[in-house]
Protein chains: 2
Amino acid sequence: MSKKATVYDVAERAGVSIATVSRVLRLPDAVRPATRERVFDAVSELGYVPSGSARGLAERRTGVLGLYFPGFDASEDAPVLDVLAQEQGEAPPFTVEHASAHADAPHPTMLFLDEVLRGAELEAWKRGFVLMIGVGRDDPTRETVRDIAGRVDGLMVLAQSVPDDVLARLAQRIPVVVLSGPARGDSYDHVTVSNAEAMTELTRLALAQADPGRIAFLGGPEDSPDGAQRWDGFATAIAQVGLAIDDVIVLRGDFTRASGHTAAEQLIARGAPSVLIAANDQMALGAIDAFRSAGIRVPDDVRVTGFDGIEAAALSRPALTTVRQPMIDLGRAAVQLLARRLEQPDAEPMTVRLPLQILVRESSQRPA
Amino acid sequence: MSKKATVYDVAERAGVSIATVSRVLRLPDAVRPATRERVFDAVSELGYVPSGSARGLAERRTGVLGLYFPGFDASEDAPVLDVLAQEQGEAPPFTVEHASAHADAPHPTMLFLDEVLRGAELEAWKRGFVLMIGVGRDDPTRETVRDIAGRVDGLMVLAQSVPDDVLARLAQRIPVVVLSGPARGDSYDHVTVSNAEAMTELTRLALAQADPGRIAFLGGPEDSPDGAQRWDGFATAIAQVGLAIDDVIVLRGDFTRASGHTAAEQLIARGAPSVLIAANDQMALGAIDAFRSAGIRVPDDVRVTGFDGIEAAALSRPALTTVRQPMIDLGRAAVQLLARRLEQPDAEPMTVRLPLQILVRESSQRPA
DNA sequence: CCCACAAATGTATGCGCTTACAATTGCTGG
DNA sequence: CCAGCAATTGTAAGCGCATACATTTGTGGG
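Every chain begins its residue count from 1, and numbering advances along the sequence as written. To label them, take the chains in the order written and letter them from A, then take the ligands in the order written and number them from 1. A pLDDT threshold of at least 70 governs which residues receive local features in this predicted model, and a stricter bar of 80 or more applies before side-chain atom pairs are shown or counted, although totals over entire chains, interfaces and linings include all residues.

Participant: Give me the overall build of chain A: which residues, what numbers.
Facilitator: From N to C terminus, chain A includes 13 helices and 13 strands. Viewed in the frame of its principal axes, chain A has a C-alpha envelope of about 85 × 60 × 45 Å. Expressed as a percentage of its 368 residues, the buried residues of chain A come to 49%. Within chain A, contacts between residues at least 6 apart in sequence are counted, and of these 71% link residues at least 24 apart. Secondary structure elements follow DSSP: runs of H or I of four or more residues count as helices, runs of E of two or more count as strands, with numbering from the N terminus. Comment: burial labels come from other C-beta atoms within 10 Å of the residue's own C-beta, placed from the backbone, where a count of 20 or more is buried, 12 or fewer is exposed, and between is partly exposed. Remark: residues whose backbone-derived C-beta atoms lie within 7 Å of one another are considered to be in contact.

Participant: How would you explain the packing of helix 2 (residues 18–26) of chain A against helix 3 (residues 33–46) of chain A if you had to name every residue and give the values?
Facilitator: Residue and element names in this part refer to chain A. The convention used is that axes are lines fitted to C-alpha atoms, helices contributing only their stretch in contact, and that angles between N-to-C directions extend from 0 to 180 degrees. Contact geometry of helix 2 with helix 3 gives a least axis separation of 10 Å together with a crossing angle of 90°. The angle between the axes of helix 2 and helix 3 places the two elements in the roughly perpendicular class. Across from Thr 20, Val 21 and Val 24 in helix 2, the residues of helix 3 making contact are Thr 35, Arg 36, Val 39 and Phe 40. Here the residues of the contact of helix 2 with helix 3 sort into four nonpolar, two polar and one charged. Small angles under 35 degrees read as roughly parallel and large ones over 145 as roughly antiparallel, with 65 to 115 read as roughly perpendicular and the rest as oblique. Here the term charged refers only to Asp, Glu, Lys and Arg, the term nonpolar to Ala, Val, Leu, Ile, Met, Phe, Trp, Tyr, Cys and Pro, and the term polar to all other amino acids, Gly among them.

Participant: Let's hear about the protein's contact with DNA strand C: which residues, and what values?
Facilitator: The rule is simple: place the C-beta atom from the backbone, and if it lies within 6 Å of a molecule or strand, the residue is near it. Around DNA strand C, the structure places 27 residues, and the nearest of them are Ala 19 of chain A together with Val 7, Ser 22, Ala 54 and Ala 58 of chain B. Those elements giving two or more residues to the surface near DNA strand C turn out to be helix 2 and helix 4 (52–59) of chain A together with helix 2 (18–26) and helix 4 (52–59) of chain B. Top contributing element to the surface near DNA strand C by residue count: helix 2 of chain B, with six residues. For the surface near DNA strand C, the class distribution of residues is 15 nonpolar, six polar and six charged.

Participant: Could you give an account of the sheet that holds strand 1 (residues 64–70) of chain B, with specific residues and numbers?
Facilitator: One open sheet accounts for twelve strands, arranged 12(A)-6(A)-5(A)-4(A)-1(A)-3(A)-3(B)-1(B)-4(B)-5(B)-6(B)-12(B); its pairing is mixed. In the strand order of this sheet, the two ends are held by strand 12 (351–354) of chain A together with strand 12 (351–354) of chain B, each with one partner. Between one strand axis and the next, the sheet turns through 20° on average, direction left out of account. Bridging between strand 5 (residues 176–179) of chain B and strand 6 (residues 189–193) of chain B involves three bridges; their strand directions are parallel. For Val 177 of chain B, the partnering residue across the bridge sits in strand 6 of chain B and is Asp 189 of chain B. Strands were regarded as paired on the criterion that DSSP finds at least two bridges between them.

Participant: Tell me what's going on with the protein's contact with DNA strand D, and back it up with residues and numbers.
Facilitator: Around DNA strand D, 27 residues are found, and the nearest of them are Val 7, Ser 22, Ala 54 and Ala 58 of chain A together with Ala 19 of chain B. No other element matches helix 2 of chain A, which puts six residues into the surface near DNA strand D. Residue composition of the surface near DNA strand D, by class: 15 nonpolar, six polar and six charged.

Participant: Residues and numbers for the interface of chain B and chain A, please.
Facilitator: Each partner contributes to the interface: chain B provides 80 residues, whereas chain A provides 80 residues. Across the side of chain B that touches chain A, the residue classes break down as 41 nonpolar, 19 polar and 20 charged. Two elements, strand 3 (residues 130–136) of chain A and strand 3 (residues 130–136) of chain B, share three bridges in a ladder whose sense is antiparallel. Along strand 3 of chain B, the bridge assignment pairs Ile 133 of chain A with Leu 131 of chain B.

Participant: Residue-level account of the sheet that holds strand 13 (residues 356–360) of chain B, with values.
Facilitator: Strand order in the open sheet formed by three strands is 2(A)-13(B)-11(B), with mixed pairing between adjacent strands. One side of each edge strand has no neighbouring strand; the edge strands of this open sheet are strand 2 (94–98) of chain A together with strand 11 (322–324) of chain B. Averaged over all pairs of adjacent strands, the angle between their axes in this sheet comes to 30°, without regard to strand direction. With five bridges connecting them, strand 2 of chain A and strand 13 of chain B associate as parallel partners. Bridging across to strand 13 of chain B, His 98 of chain A finds its partner in Val 360 of chain B.

Participant: Kindly report on the packing of helix 1 (residues 7–14) of chain B against helix 3 (residues 33–46) of chain B, identifying the contributing residues and their values.
Facilitator: Residues and elements named next belong to chain B. Their axes nearest at 9 Å, the elements helix 1 and helix 3 cross at an angle of 125°. Classed by the angle they form, the pair helix 1 and helix 3 counts as oblique. Between helix 1 and helix 3 the crossing geometry is right-handed. On helix 3, the residues touching Asp 9, Val 10, Arg 13 and Ala 14 of helix 1 are Arg 38, Val 39, Ala 42, Val 43, Glu 45 and Leu 46. Note on convention: near helix rotated counterclockwise from far helix by under a right angle means a left-handed crossing. Clockwise means right-handed.

Participant: Pulling in residues and values, what's your account of the relation of the copies chain B and chain A?
Facilitator: Between the two copies of the chain lies a rotation about an axis combined with a shift along it. The copies were overlaid with a least-squares fit restricted to C-alpha atoms from residues scoring a pLDDT of at least 70 in each copy. Superposition record for chain B on chain A: RMSD 0.1 Å, screw rotation 180°, translation along axis 0.1 Å. Classification of the inter-copy transformation places it as that of a two-fold axis. Both copies contact each other with a shared surface, as 100% of the interface residues of chain B are interface residues in chain A too.

What follows is the structure, given as structure tokens:
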């Protein structure tokens, strides 16, 4: 790490001016092959790597796109890790754990975000951008996102991860794309999915496979926009098949497996339904566990559906009917919208709606 | 997006010099409360967000750390997606798929990287850094990683994702930390795990639960460093219990579920073993499938172990005994090493070895 | 062999910010 | 009420690069 080389160093070594060095790197064809070679040689001899900051400043664009997530990792309760402190002590190379239960799976929202991230990275790479990521934490002034905003050409934020006023201010400086939130009357570009429509269809499919009987809906927390949309979609389906919403048993969970289990127990106490539509996979799986414990068979006695398409839904027995989010495409679409706006800053705000994938599996099907 | 505001704009509006504006933002206590307020007002009125490039240039540090991954997404065969083209056409809000089989799970290496990324992000955030990510693709000149190197204060690379010569050159400019590769005689800081030691212990545990009989090892591809280490660990255990390595049946797969299935069929044809140690979870799960098809019970007839700790290993029946990588901690440790080196550029190169977690589950245990 | 013109290269400026140093202001005690 | 000093604020010089514009070099035709 000998003093970082700069254009000046390279220019001197190659016996040219800094302008020529810059040209060799940006527009190689604009410089004679002979000098070009000299410059390339100097570059590798010095291990020169251009400064992104200087370049960004001069070009007035950074070539970086930002992606900002809401955080679910509760940073405070992350266990302490200090590898430097261990330097001396010989830590054991492994620990042994007799784990009969299943491992603590990662938070599903995390998995969701991981894939969005991959999609965004892929698309950004294709267009010559690099990605910068940030996670929203209990950060009163939202410093991080502002920090990021200052370093990128465009910003993608997951709905609800940034307060409206902060976002509005950032949008004054760079284009902003909002991912997967409810379409509101703002002037940002949006990427969303048709939660309600897919839930309507899913519900219809499940009802078509069920014997007449009681219908139960297991919703999410009050304040979840996704939960609300899914409820709306469900309600639409109920209306479409000519039922009254009052005929439906509605329970509420918090999207966790445990809450699904509890809700199902309540249901069982009141007599098992013929169909259970859950607002996410976790709760559906918890409910299936509870049914099994009570000797109620899925799908034979109760048809069950989830929502999200997490891996456990595919691996569980019975395999869970669910709806998968086009996570990769959400990320890709966001980058595409951003790229579009960087080219046409004054284009009309646009909302892209990506299709969901309804996966019909065993849990919602009438047994053969 | 009215012309981005700069320090000059803020200074003029607040009636102060740009130096004062800068101070208000960096060292608020160094300026009188009255003027500080005036500046803050101007800042919010103008929606001012400082330019990361300019700041990075002036400070000679960017506050960004880079994370560079090998890519497994085969960018070429990513399906085309062009949301802008769809603008007019009304795409259906969902599709329905009757999926009896299990979904195509994400590449496990991806999941691994996702968690490393989260760990790195968490630790970076704690230290006031932002994270920039890049994925290594079929990019002849490794432009992307160089690009990133020019924008960050330090770089973390996954082993084998960057050619040695390129890495050496980047290390001339900024500190580099190598993740999870075999410790070689280079001068970078490293974060690794004790693959071999954990495999030795895992093997011993499995053998202790097995009846005397034939022992089989299902290895990975020839060129996999991880695979090699795991084999070494296995061989050590065999020697420790006084067996000859020639007594072991050795098969080789390519880390896929299918190859595990095939290998197990070959084993079965030659008479099922009493223990099967696989070099990763996928192959172990494939083998279990094959055993089941052949009417061979796990763990009753054959004890099986995997390696990696993927989610499917926990969800499968029988639950698979395996070894879990401390993925989050790998990311966190890498950032810690980077932070250390930024503070002490001349410290000795350091290798941190993180403990693995052996998860003893049903698949390797003697039935009660 | 010279001139007109194109290709190649050099010069100089500015991108927006931090910060050493200089200038000013506000307070203190005498 | 003023010297003397500390607290504030202003001035100006880069940070490393891209690029408009000026200059030099090279090319071809006459």
